[in-house]
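Descriptive structure summary
The chain contents come next:
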Amino acid sequence: MNKKILIASLILSSLSYGVEDFFYEESEKGVKLKESVISTTGFETSQRNIANTVTVITAKDIEDNNYQSVSEALKDVPSVNVIGDPKNPIIDMRGQGAKANANVQILIDGVGANLLDTSHAKTPINTVPIENIEKIEIIPGGGAILYGNGTRGGIINIITKSGANYNGASISSELNSFGGKKGEVSYGTTVKDLGINLNYTKNDYKGFRDGDESNSEFFESGFKYKLTENQNISLKYSRYEDKATSPRALKKSQLDNPESNGLFTKYDKLLENNVVKNEVNGRYDYKINEKVSLDLIAFYQETEIEDTNDYGVDFAGKLIAKTNNMNFTDKKIGFKPKLKVSYGDENNVILGYDYINNSLTRNSVMNMMSSELYKNDLTKETHSIFVLNTNKLNKFEFTQGIRYEYADYDIKRGYTKSSLSTGQISSKTNIAKNSSMENMAYEVIGNYLYSDTGNVYIKAEKGFTSPAPAQLVDKIDGAYIENDLESETYLTYETGFKDYFLGSFISGAIYLTETKDEITTDNFTGMNFKNYNIGKTQRYGLELNAEQYFGKLTIKEGYALIKTDILKDSDKSIEGNEIANVPNNRFNIAFDYELNSKINLILDTIYSSSYYLNNKNEGGKQNENVVTNLTVNYNPIQTLRVYAGINNIFNEKYYDSISADGNEFNPAAERSLYTGFKYNF
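The notes below deal with the structure included here. (Residues numbered from 1 in each chain as written. Predicted model: local features only at pLDDT ≥ 70, side-chain atom pairs only at ≥ 80, totals over all residues. Heavy atoms only, no water.)

A few words on the sheet that holds strand E36 (residues 655-658). Strand order across the open sheet formed by three strands is E15-E37-E36, with antiparallel pairing between neighbours. Among the strands making up the open sheet, the edge pair consists of strand E15 (250-251) and E36. When E36 meets strand E37 (residues 664-667), the two strands line up antiparallel, connected through three bridges. Bridge assignment links Ile658 to a residue of E37, and that residue is Phe665. (Pairing = 2+ DSSP bridges. Helix = DSSP H or I, 4+ residues; strand = E, 2+ residues; numbered from the N terminus.)

Spelled out as structure tokens, the structure:
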């Protein structure tokens, strides 16, 4: 209760400050509304014309707050819930819970980064160094017309600095009290019409707990060439490599030593996660004339992941070793042309085509009493076309969108069980399957620009989440068989606004999302499982964001309310329950004060309410928490920035994750210090 009183008092104090100084910062009016966003249409669009509560984390925000990763920056956004290991978390928006990997799209420069396997692997969101990011656009809820499959929760577009016309070089370094260290060097130059960028980052990460470590390297090179006044072409290559270990979860009786690595038997080992990602992106943009613009993206991604999980198991009173090794190779190739045509006075239409060929090989071995080998060779090839049309009549804007998506599936799965001692096969099953699927998405938006600064909108969107290839096969009585799984479909209704009110920029939205044919998986003994459409859920909530500018002080607030209901499920006992891993309330407030021309301080507080650990709503909850961070930036000269900070000032005790049964805990980081510098040449 004291935490809630604290949050309420912070809100009231900031709003009262806004009323008092309403006329003092009238000149700041319009700054936020002129901020441009790419992700909503694929072309630059001002905040004022966007029917959504978009949050933009700029390069300046990243630098001022000294964020160390994409996931750390996202934790400060109330509409985003970051779950699990900070090095490789699940990113959720609008209450997707365990299905966030399949229903929140992560984009890097407009290209999807989600893996084809949504059940065994998380989207590797921290493969781009935070120093190399121009901005992060966060759009809760929707995006089905432009981005297709899996946007029920929303999209997050990470836009990098590569290819920008930049002259100079920089070097930076940072240390933290856990023993981690990080270094980065970048160089850019422009020769006539050619801009070249190079970046290298080395990160020796060490976390709060023993064994929480990673050693990563990132290299990127890119260029942007100005063909003519109206044509540009750019190409970017990047490579990310990381070798990471994580401690094991702790039992409740072991929480008196939260820094422990969780290795308590002779067979227990640290979790290992190794990632190598190579990516090539090309872009061509051409302003054909004042009314017609072309944008073309082509890309290739290859992500290799190796997971190892070895530990001891008590079997009939005897401790035995269990080993698990899983190897993924996810490849994605595609191109995405878009044409924007303006017509009439202020009307435009965007026409687009997307082609993506996404393949995945996943091989895993599990050894305990026997050896079990799983082989998966999966491909999903999609062709999509879409139209997004906007008409303006006086102060009204009307947008209509439609998308058609055709997907081809090629599925090969195999399973072999054999004796560890003799190698004799006791069970074997294989399946090869080809199938196809069609899906449609629709969107209608009405946006009323009622003043120079204010707008109110209403929209409806029908979207879909198509099955991952592995979900189109069941395993019953030890044999793989085909199923007739269909896509999940959702319908979202939303209304919202943006304006300046009492000296504050405010945006907000309320929404309702109803999903039917949710994919449900039942697991049985003997590693058998069945996928089918039966689930029906409802998610609704409120999102608010505000900023006030008072001379040397800027205050930012955000609030997200999420309510979830399981309306229909194969397990009747969970109908009427809340969806697991979804906090009902998240709030943040940040004070950014410019002490003088060389020093600024930022105090940031984020509150997350408790939430259930499983859909049965049993076994306890994740505890509510309030985490406050402080950072100080000092610029002794224009080209040098020295900074220091304290994370989790008040040493809040909470958990990155808790197992679904409530018996295993991964403690979150306690108080830590960091310091670093950045020098620009």
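This is not the end of the story, as more comes after the structure.
Our focus in this paragraph is the pairing of strand E29 (residues 553-568). Each regular strand displays side chains that alternate between the two surfaces of the sheet. Sheet topology places strand E28 (residues 528-550) next to E29; 15 bridges connect them, and they run antiparallel. Following the sheet pairing, Leu542 is matched in E29 by Leu561. In sequence, E28 turns back onto E29 through a hairpin of two residues, with Gly551 there showing a positive phi of about 65 degrees.

Throughout the structure, instances matching the rule amount to 34 salt bridges. We note a salt bridge from Asp109 to Lys236, for which the minimum N-O separation is 2.7 Å. Taken together, the residues Asp109 in the loop between strand E6 (104-108) and strand E7 (111-112) and Lys236 in strand E14 (residues 231-246) connect sequence positions 127 residues apart. With respect to class, Asp109 is no different from Lys236; both count as buried. Residues Glu290 and Lys287 are paired through a salt bridge, measuring 3.7 Å at the closest nitrogen-oxygen approach. We classify Glu290 as exposed; its relative accessible area is 69%. Salt bridges sharing common partners tie together Lys99, Arg152, Glu488, Glu518 and Arg539. (Salt bridge = Lys/Arg side-chain N within 4 Å of Asp/Glu carboxyl O. Buried < 20%, exposed > 50% of the residue type's maximum accessible area, 1.4 Å probe, protein only.)

This part is about the pairing of strand E20 (residues 370-393). For strand E19 (residues 347-367) and E20, the ladder comprises 20 bridges, and the chain directions are antiparallel. Bridge pairing in E20 links Asp354 to Ser384. Here E19 folds back onto E20, and the loop between the two strands holds two residues. Note that E20 and strand E21 (residues 396-419) share 24 bridges and pair antiparallel. Pairing of Glu381 across the sheet is with Asp408, part of E21.

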